[in-house]
Every structure is written in C-alpha cells, then in structure tokens.
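Coordinate analysis (summary)
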Amino acid sequence: MIPTITQLVISYAEKLLPVCTDGGNAHQEIWWFLQHVTGKRKAELLTMHPQASSTIMANLREQLEVLVFERVTNKKPLQYIIGSVPFGDLTILVQPPILIPRPETEEWVLWTIEQYAPLANEPLTILDLCTGTGCIGLEIARALPSATVVGVDINPQAIALAEKNKALNAIHNTTFVQGDLFEPVKNQHFDLIVANPPYLDEAEWDALDPQVTGWEDKQALVAHDHGMAIYERIFAGARTCLTGQALTNR
C-alpha cells in the first residue's frame, strides 16, 4: 500500500533523527525535500487528489532514499542538498565547500541595511571582504541601489559562485574580484566595509559537527591567533581604506 504524504513524512523523519536531534526539524527537512523534488509547495502537496498523491509518492520514495542517505550517512548539509538558501530578499545558491550563509549573518546584514537606509540614494562605495557566496554584498546592493559594491574572496570557487548569485538575482551594482583581502582593491577607498571572516581556532574547528567539517571550507572558518588573525588584518587595512564620508554625512 502506497503511503500518504503525511505518512511518508513521518517515516522518513524518523530516519533523519541521527542528524536532527529535534524531531520537529526532521519533519521540516522532509517537507523541504518533498518541495525540492516536486517543485510544489507544502499546501499543494497536502491538498492533492488522493490518486495524484499516490502516483507522486510512488515515484518519490527512491528520490527520498537518496536524499536521506546523503544527510544521514554522508552528513551532507541540507542546504547543499537543496542547492540554495533564502537570504534577505534573495535566493542564494550554495555548493560545497563554499560557506553556507547563516541566519546570524542575515540578521546583522539586515540591521546594517536599516542603518544605511537614509542613504539609499547616495552613491556609496561598499567593500564586502570574504564574500563567499556573495550573499552579504548582494543583499546590501539590492537594498542600496545607488551604491557600488565590490566583493572580494581569496577562493576562486567562491567568486564563481558569487557571480552565479549575482546573475540569478539580477543585481547589477556589484562586482566580484578574487584576491587576498585588500590586495585586489589597493589604492581604492570605500564608505563602508562589511565582512564575515574566519573566526575559529583549530580546537573549535575540531569540535564542530561533521556536517560542517566534512563539507565546508576550513579556510573560511579558521584563522590563526585564536581566530582573530583575519580580523586584525581587516582592522589594519580599514584605517587607510575607509573614506569616513558615509558616517560624516549621517
């Protein structure tokens, strides 16, 4: 007998418990998987005609087995399996090993946008260091359309992914360049610098979940001097790179 949508969610959620200690999260992940492979919203899946539902479920069980295997056995992060995450008003593509955008990052980016909202029509110049997927610079560029944003990352894979996200979200006031912090923009000046640099030390990295250490770029998370080395370089470079104009005008 082919299970209903709800029965399928319950049974596969149990298989996710080794990587989702919160049963509610396990159920939510299965719904995300179902929406991902069907292209349908949860409400659509729940309200399908029973015959249509049975046909879809018969075809989906094999796909769900593959996705659950990736999560439980390979410890692959949900975001990498689905291939994208929401970030502010954007959809951000993600792929290993580029760092997955975190909710905490989204929170401070939205706070920053709120602070600079009075300058939305000003031709600000903004530097986004350690840009990764480009999520920070792209969301700021979307919210401040008169600004010019430059995203920098040492990893060429990150720059390639950021370019894909730029195209996907049709953000035109952003440029991405590969290089080490300020090196690609030396002699340029910016009104604002944002960054999500590495901040962990080796011991903290070793204590992380395999879902992180097995998939995400260690270079994007770990730095010398107890995780502070990149911060120190950013603070030093910012002294000569910042114009101070945006703060003065506020």
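All residue numbers refer to positions counted from 1 along the written sequence of the respective chain. Under the rules for a predicted model, residues below a pLDDT of 70 receive no local features and side-chain atom pairs below 80 are neither given nor counted, while totals for whole chains, interfaces and linings still include all residues. No hydrogens and no water enter the side-chain calculation; it runs on all heavy atoms of the structure.

Some words on the sheet that holds strand β4 (residues 148-153)
Our working definition: The pairing criterion is simple: DSSP has to find at least two bridges between the two strands. A run of DSSP states H or I qualifies as a helix once it reaches four residues; a run of E qualifies as a strand once it reaches two. Both are numbered from the N-terminal end. In this analysis, axes come from line fits to C-alpha atoms, helices being fitted only over the stretch in contact, and the angle between any two N-to-C directions falls in the range 0 to 180 degrees.
Pairing in this open sheet of 4 strands is parallel, and the strands run β5-β4-β3-β6 from one edge to the other. Either end of the sheet is taken by a strand with one partner, and the two such strands are β5 (174-178) and β6 (192-195). Averaged over all pairs of adjacent strands, the angle between strand axes in this sheet comes to 20 degrees, irrespective of strand direction. Both strand β3 (residues 125-129) and β6 contribute to a ladder of 4 bridges, which runs parallel.

As for the nonpolar core
For clarity, the threshold we go by: Here the nonpolar core consists of buried residues drawn from Ala, Val, Leu, Ile, Met, Phe, Trp, Tyr and Cys, with membership extended through side-chain atoms lying within 4.5 Å. To sort residues, take the accessible area from a 1.4 Å probe on protein chains only and compare it with the maximum for the residue type: under 20% means buried, over 50% means exposed, and anything in between is partly exposed. The contact rule is simple, with two residues in contact once any of their heavy atoms fall within 4.5 Å.
Core analysis: the largest hydrophobic core is formed by 29 residues, its most contacted members being Ile92, Leu124, Ile126, Ile136, Ile140 and Leu144. Breaking this core down by element, the ones donating at least two residues are β1 (84-87), β2 (90-93), α6 (103-116), α7 (135-143), α8 (156-168) and β6. With near-sequence residues (within four places) excluded, Ile126 lies in contact with Ile140, Leu144, Ala147, Thr148, Val149, Val150, Phe190, Leu192 and Val194.

What about the packing of aromatic side chains?
To keep it simple, the criterion reads: Only Phe, Tyr and Trp rings are paired, with Trp represented by its six-membered ring, and only when their centres lie within 6.5 Å; those with planes under 30 degrees apart are stacked, over 60 edge-to-face, the remainder tilted.
Applying the stated criterion across every chain yields a total of 2 aromatic pairs. For the pair Tyr80 and Trp215, a centre-to-centre distance of 6.5 Å together with 50 degrees between the ring planes defines the contact as tilted. With a gap of 135 residues between them, Tyr80 in helix α5 (residues 78-82) and Trp215 in the loop between α10 (210-213) and α11 (229-241) connect regions that are remote in the sequence. Exposure remark for Trp215: the relative accessible area of 22% places this residue in the partly exposed category. Note on Tyr231 and Phe235: the rings are 6.3 Å apart at their centroids and 50 degrees apart in plane angle, and the pair reads as tilted.

Observations regarding the pattern of salt bridges
Which entries qualify depends on this criterion: Put simply, a salt bridge is a Lys or Arg side-chain nitrogen that is within 4 Å of an Asp or Glu carboxyl oxygen.
A full pass over the atoms with the stated rule returns 8 salt bridges. One continuous salt-bridge network, built from bridges that share partners, spans Asp89, Glu139 and Arg142.

A word on the packing of α6 against α7
Note the cut-off: With respect to orientation, any angle under 35 degrees is reported as roughly parallel, any angle over 145 as roughly antiparallel, any angle of 65 to 115 as roughly perpendicular, and every other angle as oblique. Handedness of a crossing is defined here by the sense of rotation of the near helix relative to the far one, left-handed for an anticlockwise turn of less than a right angle and right-handed for a clockwise turn. Each residue is assigned to one class: nonpolar for Ala, Val, Leu, Ile, Met, Phe, Trp, Tyr, Cys and Pro, charged for Asp, Glu, Lys and Arg, and polar for all the others, Gly among them.
Contact pair α6 / α7: the axes reach a minimum separation of 10 Å and the direction vectors enclose 30 degrees. If you check the angle between α6 and α7, you find them roughly parallel. By crossing handedness, the relation of α6 to α7 is classed as right-handed. From α6, Thr105, Trp108, Val109, Leu110 and Ile113 reach across to α7, where they touch Ile136, Glu139, Ile140 and Ala143. In terms of residue class, the contact of α6 with α7 is made up of 7 nonpolar, 1 polar and 1 charged.

Topic: helix α1 (residues 5-15)
Structurally, the α-helix is built with 3.6 residues per turn, so residues lying three or four positions apart point the same way. Quick note on the threshold: Note that the arc is defined by the directions from the helix axis to the C-beta atoms.
Within α1, burial applies to Ile5, Leu8, Val9, Tyr12 and Ala13. Seen from one end, α1 has its buried residues packed into an arc of 125 degrees, which puts them on one side.

Focus on the pairing of β3
The test is simple: A crossover gets the label right-handed when its path from the first strand over the helix to the second runs clockwise, viewed with the strands pointing away from the viewer.
The buried fraction of β3 is high, at 4 of 5 residues. Bridge count between β3 and β4: 5 bridges; the pairing is parallel. When the sheet's bridge partners are listed, Leu127 is paired in β4 with Val150. Taken together, β3, α7 and β4 constitute a β-α-β crossover, and its handedness is right-handed.

Some words on unusual backbone geometry
In this chain, Pro96 is followed by Pro97 through a cis amide linkage whose omega measures 5 degrees. Within the secondary structure, Pro97 sits in the loop between β2 and α6. Of note in this structure, Ala170 is not a glycine but carries a positive phi near 55 degrees. Inspection of the secondary structure puts Ala170 in the loop between α8 and β5. Overall, Ala170 belongs to the partly exposed group, its relative accessible area being 48%. Look at Leu181: it is not a glycine, yet its phi comes out positive at around 50 degrees. Position of Leu181 relative to the elements: it lies in the loop between β5 and β6.

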